[in-house]
Amino acid sequence: MDPHSRLSQFNQRAPKTGPFSPSVRFEPTQKVTLDKYTKAYSSSMPSDSPLFTSRPIATNSRVKQDEQFKKDMFLAYVNKAIREKLNGHSKDFDDLVDQFSPNKSTLAPTVPSLQLRIWLSALSHVLSRLERRHAPLVEAIVRLPWSTMDAVFVKSYIVFIGMLISARPEYLSLVLNRIAMGFTYQSGLLAVASNLEGSTPLTRRVIYDRQHTLLEHLLNLVPTLPSSLAPLLVRNFPHKRQPQAAHVAYIRNLLRITEYCGELSERVLGLIVDRALMVDVEIQVELEELEDAEPTDAELFEFDPFDTIVGQEGDSSDDEDVDDSLSDLSSDASSDSDAEDTPMDTRHVHDMVSKLDAILKLVFDHFNKLHSSILTVVPSSPSIHPTTTHDRDPQSHEPHTLLAIQFHTLLAIFDRSILRTFKSRYTQFLLFWYASLHPEFSDLFLGLLVDKALFGSASASSVERAAASSYIGSFVSRAQFIDREGARRAVQVLCAFLGAHLDAVEAGNAASNNHSVFYAVVQSVFLVFCFRWRDLQEEPDEQEVGRKIWISELGVVQRVITSDLNPLKVCSQNVVHQFARIAQATDFTYCFSILEANKRTPYPVFAGVAPGSAGPEDLHTFFPFDPFKLPRSGEYIQGVYREWAAVAIDDEEEEDEDEDDLVEEDPTFDEWEHGQGGSCIPITASRRGESDDDGLGASFGGMSISPARTRAVAMAISVS
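These numbers were taken from a predicted model, which means no experiment stands behind them.

Asks: A description of unusual backbone geometry should follow, citing residues and the corresponding values.
Replies: Residue Asn-566 is not a glycine yet carries a positive backbone phi of 50°. Inspection of the secondary structure assignment puts Asn-566 in the loop between helix H22 (555-561) and helix H23 (567-570). Its identity as a non-glycine residue notwithstanding, Asp-587 has a phi of 60°, on the positive side. Locating Asp-587 in the fold gives a position in the loop between helix H24 (573-585) and helix H25 (592-598). Exposure remark for Asp-587: the relative accessible area of 63% places this residue in the exposed category.

So this is what it looks like as structure tokens:
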């Protein structure tokens with residue numbers, strides 16, 4: 001063939017990649033597709049390989065289209081289910097409810113969190129169409145254990161609940177009740193039992209943080225939310241029989257609520273104090289027997305319940321079923337028969353003491369947190385008299401004003417609850433410590449007590465006035481932050497009342513029911529003198545060096561002890577004998593002759609004692625600020641509390657033998673506590689073994705000198 005022919009193979013231009021092989025010259029070109037490559041590749045791969053795909057690689061737009069298509073399908077199903085439910089056909093609606101009820105689901109044992117998010121997204125478009133017949137769906141969503149699921153679902157759930165409350169406010173109480181239950185120690189256990197896909201082991205701290213995030217979100221949407229939330233917080237408060245961890249977890253959550261919802265501060269703090277009082281009055285009788293008790297593992301190895309993983313606590317006591325109605329019970333509402341059936345053994349009382357100690361420690365920490373934050377702020381003319389005690393935004397106030405607002409809140413709680421609880425031993429120390437933060441706080445506290453005790457406000461009964469008098473004497477005696485001038489002013493006011501009362505008695509104008517207040521005030525003066533006699537002396541002149549000169553108001557005391565009311569016969573014998581010994585040692589007055597004569601004379605008729613009776617059964621009131629013995633919360637009291645050992649007279653043992661015999665014949669502290677009948681405060685073995693020579697003095701420092709009594713006897717302070 002001619003090489004120059006147009007049909008010659010050499011007349012074809014070779015490709016840039018080189019000439020084709022002659023063997024493939026006239027073969028048809030095969031079209032290579034992604035499907036053929038996928039099929040060829042899949043023949044060597046197992047069918048269940050995660051790398052296998054049966055369709056072409058999708059672009060971002062294709063993925064978004066698929067997601068939108070799925071959302072449209074879910075929305076169409078939701079619309080149909082909502083519509084059919086109103087028409088009486090509930091099958092699709094029930095299936096929709098089952099998606100949010102994993103324990104009852106008939107479609108699948110578990111529902112992925114991604115699918116639940118799509119359901120919530122679809123439901124958010126029909127919230128305005130939900131009616132009362134659709135309530136089971138809302139209830140299932142609210143009961144969903146959302147706080148243990150992944151963070152993406154938690155965020156979607158919080159947004160959905162906010163939209164639900166905005167569209168259907170009638171479900172606010174349902175949501176708030178679930179949030180309040182989420183603050184309890186048992187929160188999250190339902191999620192562990194449901195075994196939802198997407199649930200991961202979480203600590204209680206994470207779960208509680210999510211509950212607070214939801215509550216803060218709702219608080220921004222519903223300004224009136226605090227009024228609906230307050231009764232629910234009361235209802236879900238742990239019963240006093242529940243374990244310590246349950247109280248610690250719930251109270252910590254309540255105190256955190258007050259940080260971003262100041263309007264609830266007073267009600268939350270009042271709730272905590274009321275529940276602490278329930279525990280306090282139950283343990284105070286047998287507290288002294290606990291000194292020899294062995295510490296429990298929980299005390300040796302303390303753990304933070306917020307750091308425990310839900311469902312892995314390992315404490316069987318926490319899993320015990322407690323009736324929900326226990327939350328609403330108070331100590332007064334509990335039946336007496338149950339109290340009798342429950343043995344008050346040392347183990348039980350020890351648990352109650354540890355529980356009270358933990359509660360007070362939390363409240364002290366809460367107060368100290370605010371006080372510590374104020375120390376880091378430059379003070380700027382604080383206002384101790386705030387115009388309001390409520391504010392939903394605590395950050396809008398100056399730090400010192402916040403401290404004052406909280407003090408006024410605590411002062412109102414004291415007036416309403418603590419002052420009227422006569423068997424409380426430790427809860428009142430919340431006010432004791434808070435008053436030490438600012439001099440004006442202690443002045444306001446004393447002002448409230450003086451107004452209650454001496455001036456007899458319209459709402460104060462004789463019992464409350466006598467209790468307030470005891471608070472004055474105990475507070476001035478024990479508070480280190482009450483300076484010399486403060487102690488002198490308090491004694492001057494008390495002595496002025498005594499003088500006015502004696503004048504009224506001599507003139508025949510004194511009401512008989514005021515004598516109980518008179519005896520309580522006298523006893524407070526005796527107690528303050530025992531602790532603060534050094535501050536009640538005047539500075540001597542140069543001509544009177546070595547001679548003790550007392551403030552002029554104390555002159556009425558001599559008139560009081562020699563009056564027909566005879567307070568040395570009626571008041572607490574522990575205080576009377578200690579006062580007599582110190583008064584003689586300081587050359588103030590001599591009382592032993594009257595004490596000797598009182599042994600042979602009946603009680604004065606002014607004391608309201610029936611003729612022939614043994615005497616006034618604990619007519620005197622208690623001493624509310626006796627030594628604080630709770631170990632953990634006691635660290636706050638140590639620095640502001642005055643111990644008896646710091647003020648005791650060194651040479652008080654150097655008395656005449658006749659006077660020693662007189663004191664030994666009188667009831668000692670141990671005999672007084674155990675010889676009155678009824679309830680008594682047990683004394684430790686070390687105290688029982690001591691001699692009577694210094695028993696009265698030691699009673700101020702080592703033991704409580706508050707007489708134990710039942711509520712019925714305490715109410716008998718008022719004399720008709």
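Asks: Describe the pattern of salt bridges, with residues and values.
Replies: Using the criterion set out here, one finds 21 salt bridges in the structure. A salt bridge links Glu-282 to Lys-240; its shortest N-O distance comes to 3.3 Å. With a gap of 42 residues between them, Glu-282 in helix H12 (residues 265-283) and Lys-240 in the loop between helix H10 (225-235) and helix H11 (244-260) connect regions that are remote in the sequence. Glu-506 serves as the salt-bridge partner of Arg-559, at 3.2 Å between the closest nitrogen and oxygen. Highlighted residues: Arg-559 in helix H22 and Glu-506 in helix H20 (residues 484-507), separated in sequence by 53 residues.

Asks: So what about helix H6 (residues 151-167)? Which residues, and what values?
Replies: The terminal C-alpha atoms of H6 lie 25 Å apart, and with 17 residues this matches the ideal 24 Å at 1.5 Å per residue to within 8%. Turning to H6, its buried residues are Phe-153, Val-154, Tyr-157, Ile-158, Phe-160, Ile-161, Gly-162, Leu-164 and Ile-165. Residues of H6 that are buried in the fold lie against helix H4 (113-123), helix H5 (135-142), helix H7 (172-182) and helix H9 (204-221).

Asks: An account of the environment of Asn-598 is requested, with residue identities and associated values reported.
Replies: Locating Asn-598 in the fold gives a position in helix H25. When the C-alpha atoms of Asn-598 and Asn-566 are compared, they prove to be 8.7 Å apart, with 32 residues separating the residues in sequence. What Asn-598 contacts, discounting residues up to four positions off in sequence, is Asn-566, Leu-568 and Lys-569.

Calculation criteria
Residues numbered from 1 in each chain as written. Predicted model: local features only at pLDDT ≥ 70, side-chain atom pairs only at ≥ 80, totals over all residues. Heavy atoms only, no water. Helix = DSSP H or I, 4+ residues; strand = E, 2+ residues; numbered from the N terminus. Buried < 20%, exposed > 50% of the residue type's maximum accessible area, 1.4 Å probe, protein only. Salt bridge = Lys/Arg side-chain N within 4 Å of Asp/Glu carboxyl O. Expected span 1.5 Å × (residues − 1). Contact = heavy atoms within 4.5 Å.

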